[in-house]
Amino acid sequence: MHVISCYLNMLLHFFALCSNLRVELKPFGIKVILVAPGGVLSNIGKRSVSVIEGLDYKVYKPFQEKIYQRARYSQSINSAPTDVFAQKTVDALIRKNPPRCFVYGYMSRTYAVLYYMPLWVRDWYFSRKFGLSEAISHEGITKKEM
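Residues numbered from 1 in each chain as written. Predicted model: local features only at pLDDT ≥ 70, side-chain atom pairs only at ≥ 80, totals over all residues. Heavy atoms only, no water.

Visitor: Can you help me understand the overall build of the protein in this one?
Guide: The secondary structure content of the protein amounts to 6 helices and 2 strands. Taken from N to C terminus, the helices and strands of the protein fall in the order α-β-α-α-α-β-α-α. Taken over 146 residues, the protein has a buried fraction of 24%. Intrachain contacts of the protein at a sequence separation of at least 6 include 66% that bridge at least 24 residues. Per element, the accessible surface of the protein, about 10,800 Å² overall, is 62% carbon and sulfur. (Helix = DSSP H or I, 4+ residues; strand = E, 2+ residues; numbered from the N terminus. Buried < 20%, exposed > 50% of the residue type's maximum accessible area, 1.4 Å probe, protein only. Contact = heavy atoms within 4.5 Å. Areas by Shrake-Rupley, 256 points an atom, 1.4 Å probe, with all protein chains shown as cover.)

Set out below in structure tokens:
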């Protein structure tokens, strides 16, 4: 689960970097555009599933199926095909006045709205979505295993 936290932390820093660069580079005529994809079929998504299958979960064992579910989430039947996503992205970026943020792909609009919601709403949504609101027992797990 800590991998997801690290990934999301990196994304937040990337969003902040794009916002700062957009403002700082504007006087030089450089446009900075944040591309925020939702679910897009890709080798990256497929690879994330194969990587986690070989992990020893120990303390995360009660969440193993939820971790698999999260890893497969972006590769659902509703995810945008890679070529469609690429074409939509290029079309948006080559406009005379491109958007500051381009959002496309499965669930991308939902996540864009959640971005502006209070933290408790986001916490509630994601804990429900990925089954993180369920209590787990640590019985039988030693401190050494944690």
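Visitor: Whenever I open this one, the layout of surface pockets confuses me. Can you help?
Guide: Space inside the second largest pocket adds up to approximately 290 Å³. Looking at the second largest pocket, the residues that line it are Arg 22, Val 23, Lys 26, Gly 29, Ile 30, Lys 31, Val 32, Ile 33, Asn 97, Pro 98, Pro 99 and Arg 100. Taken together, the residues of the lining of the second largest pocket break down into 6 nonpolar, 2 polar and 4 charged. (1 Å grid on protein atoms, 1.4 Å probe; cavity = no way out; pocket = protein on both sides within 12 Å on 5 of 7 lines; lining within 4 Å. Points joined across faces, edges and corners; volume = space filled by probe spheres on them. Nonpolar A, V, L, I, M, F, W, Y, C, P; charged D, E, K, R; others polar.)

Visitor: Looking at this structure, how should I read the packing of helix 2 (residues 43–52) against helix 3 (residues 64–73)?
Guide: Remark: helix 2 packs on helix 3, axes separated minimally by 8 Å, with the N-to-C direction vectors making an angle of 160°. Classified by the angle between their axes, helix 2 and helix 3 sit roughly antiparallel to one another. Classified by chirality, the crossing of helix 3 by helix 2 is left-handed. Two secondary-structure elements touch here, helix 2 through Gly 45, Ser 48, Val 49 and Ile 52 and helix 3 through Ile 67, Tyr 68, Ala 71 and Arg 72. Of the residues belonging to the contact of helix 2 with helix 3, the class tally is 5 nonpolar, 2 polar and 1 charged. (Axes fitted to C-alpha atoms, helices over the stretch in contact; angles between N-to-C directions. Parallel < 35°, antiparallel > 145°, perpendicular 65-115°, else oblique. Left-handed = near helix turned anticlockwise from the far one by under 90°.)

Visitor: Please clarify how the environment of Val 32 should be interpreted in this entry.
Guide: As for its position among the elements, Val 32 is in the loop between helix 1 (2–25) and strand 1 (34–37). Remark: the alpha-carbon pair of Val 32 and Cys 101, spanning 69 residues in sequence, is separated by 8.8 Å. Not counting residues within four places of it along the chain, the set of residues in contact with Val 32 comprises Cys 18, Leu 21, Arg 22, Leu 25 and Arg 100.

Visitor: What should I look at first to understand a nonpolar patch on the surface in this one?
Guide: Together, Tyr 7, Leu 8, Met 10, Phe 14, Leu 17 and Leu 21 line one region of the surface with nonpolar side chains, adding up to about 530 Å² of accessible area. As for its position among the elements, Leu 17 is in helix 1. Among the residues examined, Leu 17 registers a relative accessible area of 44% and is labelled partly exposed. (Patch = residues over 30% accessible without salt bridge, like charges linked within 9 Å, V, L, I, M, F, W, Y side chains within 5 Å. Salt bridge = Lys/Arg side-chain N within 4 Å of Asp/Glu carboxyl O.)

Visitor: Looking at this structure, how should I read helix 6 (residues 119–129)?
Guide: Since the α-helix turns once every 3.6 residues, residues separated by three or four places project in the same direction. Three or more residues of helix 6 are buried, namely Val 121, Tyr 125 and Ser 127. Structurally, helix 6 contributes buried residues whose contacts are with helix 5 (108–115). A positive phi of about 65° marks Gly 131, the residue just after helix 6.

Visitor: Even after reading the chapter, I still don't get the packing of helix 5 against helix 6, so can you show me in this structure?
Guide: Packed helices, taken two at a time, are described by the angle their axes make and the gap between the axes. Running from N to C, helix 5 and helix 6 point in directions that differ by 145°, and their axes come no closer than 9 Å. Of the residues in helix 6, those touching helix 5 at Thr 110, Tyr 111, Leu 114 and Tyr 115 are Val 121, Arg 122, Tyr 125 and Phe 126. Classifying every residue of the contact of helix 5 with helix 6 by side-chain character gives 6 nonpolar, 1 polar and 1 charged.

Visitor: Where do I start with the pairing of strand 1 in this structure?
Guide: Within a regular beta strand, the side chains point alternately toward one face of the sheet and then the other, so they alternate between its two faces. Because side chains alternate across strand 1, one face comprises the buried residues Leu 34 and Ala 36, and the other comprises Val 35 and Pro 37, none of which is buried. Across 4 bridges, strand 1 lies against strand 2 (residues 101–104) in parallel orientation. Across the sheet, Pro 37 pairs through a bridge with Tyr 104, a residue of strand 2. (Pairing = 2+ DSSP bridges.)

Visitor: Just checking my understanding: could you explain the side chain of Thr 89 for this structure?
Guide: By secondary structure assignment, the location of Thr 89 is in helix 4 (residues 82–93). Within polar-contact distance, the side chain of Thr 89 engages the backbone oxygen of Phe 85 at 2.7 Å. (Polar contact = N/O pair within 3.5 Å; in protein donor to acceptor, adjacent residues only side chain to side chain.)

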